Amino acid sequence: MVYDTLNYNTEKRSENEPDYKKLAKAVLHRALLDVLGFHGNTGSISRSEKDLIKTKAKIFLKRNNKMLEVWCDMADIDSYHVVDFLDELVYHSNKGTFKNRIPHMVVDRFLYKF
């Protein structure tokens with residue numbers, strides 16, 4: 001087993017987190033990727049369904065959304081910090097400044113801090 005990899009450190013740290021916090025981080029992770037259009041395996045999803053997922057994620061990740069605040073509270077993250085991160089994420093995605101970074105890894109590293 002390799003001990004100095006990103007996955008090992010993430011798994012080791014997440015062992016100490018309560019399950020509700022892991023769930024909340026997973027919900028935020030999925031919403032952040034949905035806004036960018038990274039829906040995972042989308043072979044059976046139509047274009048309109050992809051657009052609907054993206055729109056719903058944008059609505060969920062708006063400032064002063066009570067449901068976002070609930071999930072952020074469970075994850076011990078400030079909801080305004082998540083929205084600010086989303087703005088930066090969308091900006092860099094649109095500009096193409098991720099270089100060799102995969103958006104999944106960028107979101108993982110952001111949520112890892114909390």
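Before any of the text, the structure's been laid out above.
In this report, we go over the structure that sits alongside the text. (Residues numbered from 1 in each chain as written. Predicted model: local features only at pLDDT ≥ 70, side-chain atom pairs only at ≥ 80, totals over all residues. Heavy atoms only, no water.)

Here we look at helix α6 (residues 103-112)
What counts, and what does not: Between buried and exposed lies partly exposed: a residue is buried under 20% and exposed over 50% of the maximum accessible area for its type, with that area taken using a 1.4 Å probe on protein chains only. Counting from the N terminus, the helices are DSSP H or I runs at least four residues long and the strands are E runs at least two residues long. Throughout, the arc means that of the directions going from the helix axis to the C-beta atoms. What makes two residues a contact is simply this: any of their non-hydrogen atoms within 4.5 Å.
Regarding α6, the residues found buried are Pro103, Val106, Val107, Phe110 and Leu111. Across the axial projection of α6, the buried residues extend over an arc of 125°, all falling on one side. Packing partners of the buried residues in α6 comprise α2 (19-36) and α5 (79-95).

Notes on the packing of helix α4 (residues 66-75) against α5
To keep it simple, the criterion reads: Working convention: axes come from line fits to C-alpha atoms, limited for helices to the stretch in contact. Angles between N-to-C directions cover 0 to 180 degrees. Throughout this description, any angle smaller than 35 degrees is read as roughly parallel, any larger than 145 degrees as roughly antiparallel, any in the 65 to 115 degree range as roughly perpendicular, and the remainder as oblique. Note that Gly is not counted as nonpolar here; it falls among the polar residues with everything else outside the nonpolar set of Ala, Val, Leu, Ile, Met, Phe, Trp, Tyr, Cys and Pro and the charged set of Asp, Glu, Lys and Arg.
Taken N-terminus to C-terminus, the directions of α4 and α5 make an angle of 105°; their axes are 9 Å apart at the nearest point. Viewed along their axes, α4 and α5 adopt a mutual orientation that is roughly perpendicular. Of the residues in α5, those touching α4 at Leu68, Glu69 and Cys72 are Ser79, Val82 and Val83. Taken together, the residues of the contact of α4 with α5 break down into four nonpolar, one polar and one charged.

A closer look at the packing of α2 against α6
In plain terms, the rule: Crossing handedness is defined as follows: a turn of the near helix away from the far one that is anticlockwise and smaller than a right angle gives a left-handed crossing, while the clockwise case is right-handed.
Running from N to C, α2 and α6 point in directions that differ by 145°, and their axes come no closer than 10 Å. In terms of crossing hand, the pair formed by α2 and α6 is right-handed. For the pair α2 and α6, contact is made by Lys25, His29, Leu32, Leu33 and Leu36 and by Pro103, His104, Val107, Asp108 and Leu111, respectively. Of the residues contributing to the contact of α2 with α6, the split by class is six nonpolar, two polar and two charged.

Some remarks on unusual backbone geometry
Positive phi is not limited to glycine here, since Asn64 has a value of about 65°. Mapped onto the elements, Asn64 comes out in the loop between α3 (47-60) and α4. Exposure remark for Asn64: the relative accessible area of 55% places this residue in the exposed category.

Details of the environment of Pro103
Tracing the backbone through its elements, the reader meets Pro103 in helix α6. In this structure the C-alpha to C-alpha distance between Pro103 and Leu36, which are 67 residues apart in sequence, comes to 8.4 Å. In contact with Pro103, other than residues within four places in its own chain, are Leu33, Leu36, Phe38 and Phe98.

Examining the pattern of salt bridges
Test applied: Criterion for a salt bridge: a side-chain nitrogen of Lys or Arg within 4 Å of a carboxyl oxygen of Asp or Glu.
Using the criterion set out here, one finds six salt bridges in the structure. Lys66 is paired through a salt bridge with Glu69; the nearest N and O atoms lie 3.9 Å apart. Of the two residues, Lys66 and Glu69 are both situated in helix α4; the distance of three residues between them amounts to about one turn of the helix. The class for Lys66 is exposed, based on a relative accessible area of 61%. Overall, the relative accessible area of 23% leaves Glu69 in the partly exposed class.

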